[in-house]
Amino acid sequence: MRSYNDEVQEVIPIILEAAHQEILPRWDKVVAEVKGISPSGYKDTVTEADRAASEYILDRVRKRFPGSYSEEHPHIDDINRWKEDFVWHFDPVDGTMEFCEKMHTGYALNAALLKKRDGGTYFPVAGIVYRPGDDALLCNDGLETHFMRDGKELDLPRPSRASVNGWVRK
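A few points on the structure. (Residues numbered from 1 in each chain as written. Predicted model: local features only at pLDDT ≥ 70, side-chain atom pairs only at ≥ 80, totals over all residues. Heavy atoms only, no water.)

## Details of the overall build of the chain
Here is step 1 of the chain: Secondary structure assignment for the chain yields 5 helices and 9 strands.
Here is step 2 of the chain: Here the chain, with 170 residues, has 43% of them falling under the buried criterion.
Here is step 3 of the chain: Within the chain, contacts between residues at least 6 apart in sequence are counted, and of these 47% link residues at least 24 apart.
Here is step 4 of the chain: Just so you have it, the chain exposes about 9,300 Å², and 52% of that area is on carbon and sulfur atoms. (Helix = DSSP H or I, 4+ residues; strand = E, 2+ residues; numbered from the N terminus. Buried < 20%, exposed > 50% of the residue type's maximum accessible area, 1.4 Å probe, protein only. Contact = heavy atoms within 4.5 Å. Areas by Shrake-Rupley, 256 points an atom, 1.4 Å probe, with all protein chains shown as cover.)

Shown next as structure tokens:
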């Protein structure tokens, strides 16, 4: 296994900036738009916070990882995107309904670094989850998991570091 710490550390400040400049200022002014309804009845909802954070992140990340995309901007240059060895996948506001319902810790900004396999498929090698509502950050660089709150790393017991996979939505 390999560490992708440099790639994760490069993207963390961009995610934090996007959250503080594009998501949190819209907290009290949320206007949800339903993009569509899936066959199972799930509402695909988006907000201006989703779109603005997506643009903010992609404008910066694509300079180093050109094929990167988000759930709000998935279709840029699809032909060339899949030629890249590494791409970041972002969900700028995962838990949009919880964000709209003002659930302080019910939404997060998620990122996954995807690596191309032989044969052209991708698999996740590192990830970041940031909850702007309580300034909690969870990241994994492929080898270790780190948890931070209010800018300070919290010491997780060693067995926990390898077993933390993510958070469950409320």
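And the narrative resumes.
## Quick word on the environment of Ile57
Here is step 1 of the chain: Following the sequence through the fold, Ile57 ends up in helix 2 (residues 48–61).
Here is step 2 of the chain: Residue Ile57 is classed as buried on the basis of its relative accessible area, which comes to 1%.
Here is step 3 of the chain: With 35 residues separating them in the primary sequence, Ile57 and Pro92 have C-alpha atoms 8.5 Å apart.
Here is step 4 of the chain: Ile57 has contacts with Ile14, Ala18, Phe90 and Leu109, leaving out every residue within four places of it along the chain.

## So, the packing of aromatic side chains
Here is step 1 of the chain: Under the counting rule described, the total for this entry stands at 4 aromatic pairs.
Here is step 2 of the chain: The structure contains a cluster of three or more aromatic residues connected by ring pairs, namely Phe65, Trp88 and Phe90.
Here is step 3 of the chain: A cation over an aromatic ring shows up here: Arg60 above the ring of Tyr56, its NZ or CZ 3.5 Å from the ring centre. (Phe/Tyr/Trp six-rings, centres within 6.5 Å; stacked < 30°, edge-to-face > 60°. Lys NZ or Arg CZ within 6 Å of the ring centre and 35° of its normal.)

## Re the pairing of strand 4 (residues 86–94)
Here is step 1 of the chain: For strand 3 (residues 69–70) and strand 4, the ladder comprises 2 bridges, and the chain directions are parallel. Its bridge partner lying in strand 4, Tyr69 is registered against His89. (Pairing = 2+ DSSP bridges.)

## Quick notes on the pairing of strand 8 (residues 145–149)
Here is step 1 of the chain: Here 5 bridges tie strand 7 (residues 136–140) to strand 8, and the two strands are oriented antiparallel to one another. Considered in strand 8, the bridge of Asn140 is made with Thr145.
Here is step 2 of the chain: In this antiparallel pair of consecutive strands, strand 7 and strand 8, the connection spans 4 residues, and Gly142 shows a positive phi of 100°.
Here is step 3 of the chain: When strand 8 meets strand 9 (residues 152–154), the two strands line up antiparallel, connected through 3 bridges.

## Digging into the sheet that holds strand 7
Here is step 1 of the chain: The 7 strands are arranged 3-4-5-6-7-8-9 in an open sheet whose pairing can be described as mixed. Edge positions in the sheet fall to strand 3 and strand 9, since each has one partner strand and no second.
Here is step 2 of the chain: Each of strand 4, strand 5 (108–116), strand 6 (122–131) and strand 7 is contacted by helix 1 (residues 5–23), which is oriented at about 40° to strand 6, the strand it contacts most. (Axes fitted to C-alpha atoms, helices over the stretch in contact; angles between N-to-C directions.)

## Observations concerning the pattern of salt bridges
Here is step 1 of the chain: The full count for this structure, using the stated rule, is 5 salt bridges.
Here is step 2 of the chain: Across the pair Glu7 and Arg2 runs a salt bridge whose closest N-O atoms are separated by 3.5 Å.
Here is step 3 of the chain: Judged by relative accessible area, which is 42%, Arg2 ranks as partly exposed.
Here is step 4 of the chain: Where salt bridges share partners, they join Arg131, Asp134 and Arg149 into one cluster. (Salt bridge = Lys/Arg side-chain N within 4 Å of Asp/Glu carboxyl O.)

## Overview of the nonpolar core
Nonpolar side chains tend toward joint burial in soluble globular proteins.
Here is step 1 of the chain: Among the nonpolar cores identified, the biggest contains 31 residues, and Ile15, Ile23, Val61, Trp88, Phe90 and Ile128 are the most heavily contacted of them.
Here is step 2 of the chain: Of all the secondary structure elements, the ones that give two or more residues to this core are helix 1, helix 2, strand 4, strand 5, strand 6 and strand 7.
Here is step 3 of the chain: If you tally residues by element for this core, the top one is helix 1, at 8 residues.
Here is step 4 of the chain: Aside from chain neighbours lying at most four places away, what touches Phe90 is Val11, Ile15, Ile57, Leu58, Val61, Ser68, Tyr69, Ser70, Glu71, Asn110 and Ala111. (Core = buried A, V, L, I, M, F, W, Y, C linked by side-chain atoms within 4.5 Å.)

## Focus on helix 2
Here is step 1 of the chain: Over its 14 residues, helix 2 extends 20 Å from the first C-alpha to the last, a length consistent with the 20 Å expected when each residue adds 1.5 Å.
Here is step 2 of the chain: Two to three positions downstream of the cap, the backbone nitrogen of Ala49 sits 3.2 Å from a side-chain oxygen, assigning the N-cap of helix 2 to Thr47. (Expected span 1.5 Å × (residues − 1). Polar contact = N/O pair within 3.5 Å; in protein donor to acceptor, adjacent residues only side chain to side chain.)

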